[in-house]
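Chain and residue survey
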Amino acid sequence: MAQVKKIRRAVSGIILLDKPLGLTSNAALQKVRWLLNAEKAGHTGSLDPLATGVLPLCFGEATKFSQYLLDADKAYATLMQLGATTTTGDAEGDVLERRPVTASTADIEAVLPDFRGEISQIPPMYSALKKDGQPLYKLARAGEVVEREARSVTISRLELLGNADEQAQLLVECSKGTYIRTLVEDIGQALGCGAYVAGLRRTQAGPFDLTQSVTLERLEQVHAEGGAQALDQFLLPADSGLQHWPLLQFSEQCAFYWLHGQPVRAPGAPKFGWVRVQDHQGRFIGIGEVSADGLIAPRRLIRSE
């Protein structure tokens, strides 16, 4: 007997998931996609299984703008275990070395300024970066170590929140591409005792923070009570991650031509940069870029219903 293919819903928007401990970002995405019964889905930057916290999940037309959330700054609360290093830089790896911990709170505070501002990081082997098409973590599991180029990242805020029992709690605000495991390892090296990430929670991703997020348990509860459509209440607009961009509202005629790929002029447009665009009815219809001649060129468009 032929299996009937499930018809998925064409839903659009962003759900801010408070990712639970132990799940990969993709597993969390697929679980929420199943609950929502959504056609198309994508996440905006991976969180390790060890990490919890803000994970924006994009559905439908919102997936077109996920890259701009990937590029956004992030904030984390991390628990740094002093006195040891591991193969992965976190609690999931095997211990490589143990050293006595003599660092005081003052010692930790003294090294933190060296890691604020623009710093250089060498990405860890246990990362999703690829070498000749292979993720580094796969090579690392096979016992291989390859050369990685240092990259520049920005740590805009780094504070010690507490220090006890050979563990230190740090608050980190950073640019995209920052590896918290590498940051913690480097701080441990500067202290002379080594360190790894014992816990990690993302508290902010771009304009979104934990106060706006929903747990997987809550989504499952609402789904059990009201089905997939009941989860639509948690969907934020597709452009909610771009609220800091200038907003333009087009006339009906401008919107028509723009949605057909034509650059247009609009009153109030900035002289350069990216803009969000609404049609004459206030509906978000995509993003554009202002060219040197003042025309707004369409870059990503919302599919019309």
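Summary of the structure given here. (Residues numbered from 1 in each chain as written. Predicted model: local features only at pLDDT ≥ 70, side-chain atom pairs only at ≥ 80, totals over all residues. Heavy atoms only, no water.)

We now examine the overall build of the protein chain. Helix and strand counts for the protein chain stand at seven helices and 18 strands. With the principal axes as the frame, the protein chain shows a C-alpha extent of 70 × 60 × 40 Å. Every one of the 305 residues in the protein chain was classed for burial, and the buried ones make up 46%. Long-range contacts, defined here as pairs at least 24 residues apart, represent 68% of the contacts in the protein chain between residues at least 6 apart. Total accessible area computed for the protein chain in this model is approximately 15,900 Å², and 49% of it derives from carbon and sulfur atoms. Across the protein chain, the 32 positively charged side chains and the 35 negatively charged ones have centroids separated by 8 Å. (Helix = DSSP H or I, 4+ residues; strand = E, 2+ residues; numbered from the N terminus. Buried < 20%, exposed > 50% of the residue type's maximum accessible area, 1.4 Å probe, protein only. Contact = heavy atoms within 4.5 Å. Areas by Shrake-Rupley, 256 points an atom, 1.4 Å probe, with all protein chains shown as cover. Lys, Arg positive; Asp, Glu negative; His and termini not counted. Charge placed at Lys NZ, Arg CZ, Asp CG, Glu CD.)

Across three bridges, strand β3 (residues 51–59) lies against strand β12 (residues 195–205) in parallel orientation. By the bridge assignment, Thr52 is partnered in β12 with Arg201. Direction of pairing for β12 relative to strand β13 (residues 208–209): antiparallel, over a ladder of two bridges. Following the sheet pairing, Gln204 is matched in β13 by Asp209. Joining the antiparallel neighbours β12 and β13 is a turn of two residues, in which Gly206 adopts a positive phi near 60 degrees. (Pairing = 2+ DSSP bridges.)

Let us now look at the side chain of Gln81. Mapped onto the elements, Gln81 comes out in strand β4 (residues 74–82). Of note is the side chain of Gln81, whose polar atom sits 3.2 Å from the backbone oxygen of Glu166. With residues near it in sequence (within four places) discarded, Gln81 still touches Glu166, Gln167, Gly194, Ala195, Tyr196 and Ala198. (Polar contact = N/O pair within 3.5 Å; in protein donor to acceptor, adjacent residues only side chain to side chain.)

Attention now moves to helix α6 (residues 216–226). Buried residues of α6: Leu216, Leu219 and Val222, and no others. The buried residues of α6 occupy an angular sector of 125 degrees when projected down its axis, which confines them to one face. Looking at α6, the residues exposed on the side facing more than 90 degrees away from the buried face are Glu217, Ala224 and Glu225. Its buried side turned inward, α6 meets β1 (13–19), α1 (25–36) and β14 (214–215). Residue Gly227 follows α6 closely and has a positive phi angle near 80 degrees. (Arc of directions from axis to C-beta.)

The biggest cluster of nonpolar side chains holds 48 residues, and the ones touching the most others in it are Ile15, Phe59, Leu158, Ile187 and Leu219. For Ile15, the contacting residues outside a window of four places in its chain are Val32, Leu36, Leu55, Pro56, Leu57, Phe59, Val214, Leu219, Leu231, Phe234 and Leu235. Counting residues in hydrophobic clusters, the runner-up holds 15 residues, among them Cys58, Ala238, Trp245 and Ile302. (Core = buried A, V, L, I, M, F, W, Y, C linked by side-chain atoms within 4.5 Å.)

With that settled, the discussion passes to the packing of aromatic side chains. In this structure the tally under the stated criterion is six aromatic pairs. Aromatic pair Phe65 and Phe284: ring centres 5.3 Å apart, planes at 55 degrees, arrangement tilted. Taken as a pair, Phe65 in the loop between β3 and α2 (66–70) and Phe284 in strand β17 (residues 284–290) lie far apart in primary sequence, 219 residues in all. With centroids separated by 5.5 Å and ring planes inclined at 80 degrees, the aromatic side chains of Phe256 and Tyr257 adopt a geometry described as edge-to-face. (Phe/Tyr/Trp six-rings, centres within 6.5 Å; stacked < 30°, edge-to-face > 60°.)

With respect to the helices and strands, the residue Ala38 is situated in the loop between α1 and β2 (41–43). Taking relative accessible area as the criterion, Ala38 reaches 0% and is therefore assigned buried. Along the primary structure Ala38 and Arg9 are separated by 29 residues, whereas in three dimensions their C-alpha atoms are 4.8 Å apart. Ignoring any residue separated from it by four or fewer positions in sequence, one finds Ala38 in contact with Arg8, Arg9, Val11, Arg33 and Phe59.

All right, on to the packing of α1 against α6 then. Running from amino to carboxyl end, α1 crosses α6 at an angle of 20 degrees, the nearest separation of the two axes being 10 Å. By the angle between their directions, the pair α1 and α6 is classed as roughly parallel. Remark: the crossing between α1 and α6 carries left-handed chirality. On the side of α1, the interface is formed by Lys31, Val32, Trp34 and Leu35, while α6 contributes Leu216, Leu219, Glu220 and His223. (Axes fitted to C-alpha atoms, helices over the stretch in contact; angles between N-to-C directions. Parallel < 35°, antiparallel > 145°, perpendicular 65-115°, else oblique. Left-handed = near helix turned anticlockwise from the far one by under 90°.)

Moving on, we get to the sheet that holds β17. As summarised here, the arrangement of the four strands in space is β15-β16-β17-β18, forming an open sheet in which the pairing is mixed. Edge strands, defined here as strands with exactly one partner in the open sheet, are β15 (247–249) and β18 (296–301). Shown here is a sheet whose adjacent strand axes are inclined to one another by a mean of 40 degrees, direction ignored. Pairing geometry for β17 and β18, over five bridges, is antiparallel. Across the sheet, Val290 pairs through a bridge with Ile296, a residue of β18. Its contacts with the sheet put helix α7 (residues 252–259) on β16 (273–278), β17 and β18, and the angle it makes with β17 is roughly 75 degrees.

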